[in-house]
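Fold and contact review
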Amino acid sequence: MKKTASFLVAVAVMSLASSLAYAYDPSPLQDFCVAIDEPKNAVFVNGKFCKNPNLTAAVDFLFHGLNIPGNTENLVGSNVTLVNVDRLPGLNTLGISIARIDYAPYGENPPHTHPRATEILTVLEGTLYVGFVTSNPENRLISKVLIKGDVFVFPFGLIHFQFNIGHIPAVAIAALSSQNPGVITIANAVFGSNPPINPDVLAKAFQLDKKVVEHLQAVF
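Below you will find a few notes about this structure. Model, not experiment: these values are computed from the prediction. (Residues numbered from 1 in each chain as written. Predicted model: local features only at pLDDT ≥ 70, side-chain atom pairs only at ≥ 80, totals over all residues. Heavy atoms only, no water.)

Here we look at the pairing of strand β4 (residues 119–125)
Bridge count between β4 and strand β7 (residues 151–154): four bridges; the pairing is antiparallel. Of the residues in β7, the one forming a bridge with E119 is F154. Two strands pair when backbone bridges link them, and β4 and strand β9 (residues 170–176) are joined in this way by six bridges, in the antiparallel orientation. Within the sheet, the bridge partner assigned to V123 lies in β9 and is A172. (Pairing = 2+ DSSP bridges. Helix = DSSP H or I, 4+ residues; strand = E, 2+ residues; numbered from the N terminus.)

Laid out in structure tokens, this is it:
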């Protein structure tokens, strides 16, 4: 009897420890959310306010237009049509969003990262060279050429890209593990920040002449 009681106590303690070990703060759904003592001045919540369930309708869970090609007449030759919680309110709290990506011939979705999501990409048309880079210190490139029907995963937060190596337009669909995955395009963030990063900082970081950095900042 004592052994049984001791076993049950041990199980209870382990269960409690396990529940504590798995407890964690909810993942942020925006870039930041500064604490404030006065609620009347609050403007953000982690996510969106919830609509009364009795007032919801089918339109809250519906988005039209993902069949429409995006305009790829830009410097990088690609267009991302993102359907996140801002465009489809029914996604709130569900931890998922979707995007259509159109690529002109030799267009690319330049190196970028999603600070709040893993991405899984499916090629619908065309041939894409895709890849991601692992974290420091290895910085290992993992890449592959994808054709129609191929699926590729970009792990949470890692820098990744897609490049259309075909002579024809390409199309892909991406699912992301956040209602608001966010995106940081590396070149735009580094060379196009507002206000600009001190050129001396970037010249040292990238081992470039300061004039080259200033040129890149003017471009972005």
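Comments concerning the sheet that holds strand β6 (residues 141–146)
The antiparallel open sheet is built from five strands, whose spatial order is β6-β5-β8-β3-β10. At either end of the open sheet lies a strand with only one pairing partner, and these are β6 and β10 (184–185).

Quick look at helix α3 (residues 199–206)
Those residues of α3 not exposed but buried are P199, L202 and A203. Taken down its axis, α3 places every buried residue within 105° of arc, on the same side. Across from the buried face of α3, at angles greater than 90 degrees, the exposed residues are K204 and A205. Here the buried face of α3 lies against α2 (186–191) and α4 (210–219). A distance of 2.8 Å separates the backbone nitrogen of D200 from a side-chain oxygen at the start of α3, and that oxygen is part of N198. (Buried < 20%, exposed > 50% of the residue type's maximum accessible area, 1.4 Å probe, protein only. Arc of directions from axis to C-beta. Contact = heavy atoms within 4.5 Å. Polar contact = N/O pair within 3.5 Å; in protein donor to acceptor, adjacent residues only side chain to side chain.)

Looking at the pattern of salt bridges
Taken as a whole, this structure holds five salt bridges when the rule is applied. K48 is the partner of D86 in a salt bridge, and the nearest nitrogen-oxygen pair spans 2.8 Å. Here the residue D86 occupies a position in the loop between β1 (78–83) and β2 (97–103), and K48 occupies one in the loop between α1 (2–21) and β1, the gap between them amounting to 38 residues. Its relative accessible area of 41% is what places K48 among the partly exposed residues. A salt bridge links K51 to D60; its shortest N-O distance comes to 3.1 Å. The buried category is assigned to D60, whose relative accessible area is 12%. (Salt bridge = Lys/Arg side-chain N within 4 Å of Asp/Glu carboxyl O.)

Take it as geometry only, folks, not as evidence of what the structure does.
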